[in-house]
Each structure stands twice: as structure tokens, then as C-alpha cells.
Amino acid sequence: MSVGGDVNKAKLNAARKAVEFITDAEVIGVGTGSTVEMFIKILSELGSDFRDKVFTASSIDTVLKLSDIGLKVLHPASIERIDVYVDSADEVDRDLNMIKGGGAALTLEKILTYYSSKRIFIVDHTKLVSHLGEKHPVPIDVQPYALRMVYSYLLRQGYNPKIRYSVKGKYGPVISDIGGVIIDVYPPKDFDPQELERELASLPGVIETGLFIGLADYVIVGYEDRVNVLKREVRSM
Ligand code: 5RP
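Calculation notes
Residues numbered from 1 in each chain as written. Predicted model: local features only at pLDDT ≥ 70, side-chain atom pairs only at ≥ 80, totals over all residues. Heavy atoms only, no water. Pairing = 2+ DSSP bridges. Helix = DSSP H or I, 4+ residues; strand = E, 2+ residues; numbered from the N terminus. Near = heavy atom within 4 Å. Polar contact = N/O pair within 3.5 Å; in protein donor to acceptor, adjacent residues only side chain to side chain. Areas by Shrake-Rupley, 256 points an atom, 1.4 Å probe, with all protein chains shown as cover. Nonpolar A, V, L, I, M, F, W, Y, C, P; charged D, E, K, R; others polar. Domains from an automatic or database assignment. Contact = heavy atoms within 4.5 Å. Buried area = accessible area lost by both parts, 1.4 Å probe. Salt bridge = Lys/Arg side-chain N within 4 Å of Asp/Glu carboxyl O. Buried < 20%, exposed > 50% of the residue type's maximum accessible area, 1.4 Å probe, protein only. Axes fitted to C-alpha atoms, helices over the stretch in contact; angles between N-to-C directions.

Okay, the pairing of strand β14 (residues 227-231) next. Relative to β14, strand β13 (residues 218-222) is paired through 5 bridges, and the arrangement is antiparallel. Directly across from Val221, in β14, lies its bridge partner Asn228. Adjacent in sequence and paired antiparallel, β13 and β14 are bridged by 4 residues.

Put into C-alpha cells, the structure is as follows:
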């Protein structure tokens, strides 16, 4: 079987396991991306079990996918609490810290994560890293007025910023779901995720960062033939 096939099977296994975490939930937040897409497909196959629940989503893409299968989706602005949030990630380290934002939905993803009682992340095994930044940059969502100033600051800091450009379907930078511009930050190897998060999040003009530190309660890691459920022992916030 091809590597792609293995990874898809691994994603599917993780997504399937996540269903167990939402059965008692009334309000469910859903993230964005190809792994989440598999989770939504599984919900559609399970049919009526989920029709009495309320969903909210981290992106327009997920709103469309959830509503396409007949689920009730509310705007995040109308939601007071979320019982369970299910999303994926680009990288996960040993402490279950993560990089997210490959799909440019990081701001709403972090908001929904933070305000959820239980936070579940579903990843295939290729997302596990020994140090964040091994395979992916750290995305930040930037207020367009501040784009050049934030970019220049990051350049001076040696963070190798790159404005994320649309590859297809649109000229110019990728615009996030909340109207920001995504800058991908490539910090020096072995950076301290907590320190970088503090620095980036404190910059005026930075709406949100894709560093998710201490925010995962469970990470479900999918392999081709099994899943491994990793649990954070102490919830930090
Ligand atoms: C979107 C995200 C996604 O969760 C992340 O990019 C993983 O996506 P995929 O499941 O397609 O690998 O953070 O902003």
C-alpha cells in the first residue's frame, strides 16, 4: 500500500475513535482540515445519532461540510459553552503541544479550543515530532493593516517570516476566515515553544498564533491498524 494510503487509514482510525468522545456532548466544536473531514464523514455515516446535537465550526469550510450532512450548526458568536471540541493538528510534541493553522483557521480554532470543556485532537502518526517546527512553520494570523510592520519585526528577530500566498483560485495572500493575513514563521531550530508563543502573541497586529501550548486534553494518534490515545495529565487552563 502507498504511504498516502497508510496515512489516510491512520487518519480514519483516529477520526473513528473520536466519535466515542462526543456521544454525551450537547454542544460540539469542530475544527478544519482533511482529518476533520474524515470525522465529519463518519458522523454522516452514523446518521441520526447526532441530529439532536448542536455544532459550531472553526471555518466556513467546516460549516458547509456539517450543514451539508444535515447537522445543526450555530455561529460561534451565539455559543456560550462547548462540551467537546474535535480538531486535528500539523505537529504534536511529547508534551502534547501543537502547531496548527495549516488550513489558516487557527484563530477560531484556538478560541473554540480554549472555551471547550474537553479538547480532542485527532492526528495520524506522521504528525508526531520530537520538537515543534520540525516539519512545519508556525503560522500567525495578522491584522492586514499591521502586515508589513509585523513582517519586518519578525525578519529582524531572525524568524524567517513568509507571507502565505494562495496557490490556486486567488491571487495574493491567503486571507483567513476572520479576514487576517497568514504569515508563516520559521524560527531557529530548538526554539522554546512557550517563549515564542508569549512573544508572538504579545505583538500588536498579531491576532492569534498557531502554537497550541497546553491546550490538548487528548490526542488520538492513528496508525494503519490501531489508535493510541494520549492524555494530558494536568490541564493548564
Ligand atoms: C487547520 C488546521 C488543521 O487541523 C491542520 O492543518 C491539520 O490538517 P489535516 O488534517 O488536513 O492534516 O490546523 O487550520
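Around the ligand, a shell composed of 17 residues is seen, among which Ser34, Thr35, Asp90, Gly101 and Lys127 lie nearest. Note that an oxygen atom of the ligand is positioned 2.5 Å from one of the side-chain N or O atoms of Thr35. Ser88 has a polar backbone atom sitting 3.4 Å from an oxygen atom of the ligand. A total of 380 Å² of accessible area belongs to the ligand in isolation, and the protein chains cover 90% of it. For the shell around the ligand, a count of residues per class yields 3 nonpolar, 8 polar and 6 charged.

Attention now goes to the domain arrangement of the chain. Here the domain parsing of the chain yields domain 1 (3-129 + 213-231) and domain 2 (138-209). Each of domain 1 and domain 2 was reduced to a C-alpha centroid, and the two centroids are 24 Å apart. The partner domain 2 presents 16 residues to the 15 residues of domain 1 that form the contact. Between domain 1 and domain 2, a total of about 1,200 Å² is buried, with carbon and sulfur atoms accounting for 65% of that surface. Scanning the region where domain 1 abuts domain 2 turns up 2 salt bridges. Residue Glu197 is joined to Lys110 by a salt bridge in which the shortest nitrogen-to-oxygen separation is 3.0 Å. One can count 7 residue pairs in polar contact (both at pLDDT 80 or more) joining domain 1 with domain 2. The greatest single-element share of the side of domain 1 that touches domain 2, amounting to 4 residues, is contributed by helix α4 (residues 106-114). The residue makeup of the side of domain 1 that touches domain 2, split by class, is 7 nonpolar, 6 polar and 2 charged.

For the rest of this paragraph, the subject is the pairing of strand β7 (residues 116-124). Of all 9 residues making up β7, 7 are buried, and the element is well covered by its neighbours. Relative to β7, strand β4 (residues 82-87) runs parallel, the two being bridged by 5 bridges. If you follow Asp87 over to β7, its bridge partner there is Phe121. Where β7 and β13 come together, 5 bridges link them in parallel fashion. Bridge pairing in β13 links Asp124 to Gly222.

So, about the sheet that holds β7. Across the sheet, 7 strands lie side by side as β3-β2-β1-β4-β7-β13-β14; this open sheet has mixed pairing. Each end of this open sheet is capped by a strand with a single partner; those strands are β3 (72-73) and β14. Lying over the sheet, helix α3 (residues 60-68) contacts β1 (27-30), β2 (54-57) and β3, oriented at roughly 155° with respect to β2.

Let's shift gears to the pattern of salt bridges. Within the structure shown, the criterion is met by 11 salt bridges. When the shortest N-O distance is used, the salt bridge between Arg164 and Asp184 registers 2.8 Å. Pair noted here: Arg164 is in the loop between β9 (162-163) and β10 (181-185) and Asp184 is in strand β10, with a separation of 20 residues, a long-range link. Judged by its relative accessible area of 16%, Arg164 falls in the buried class.

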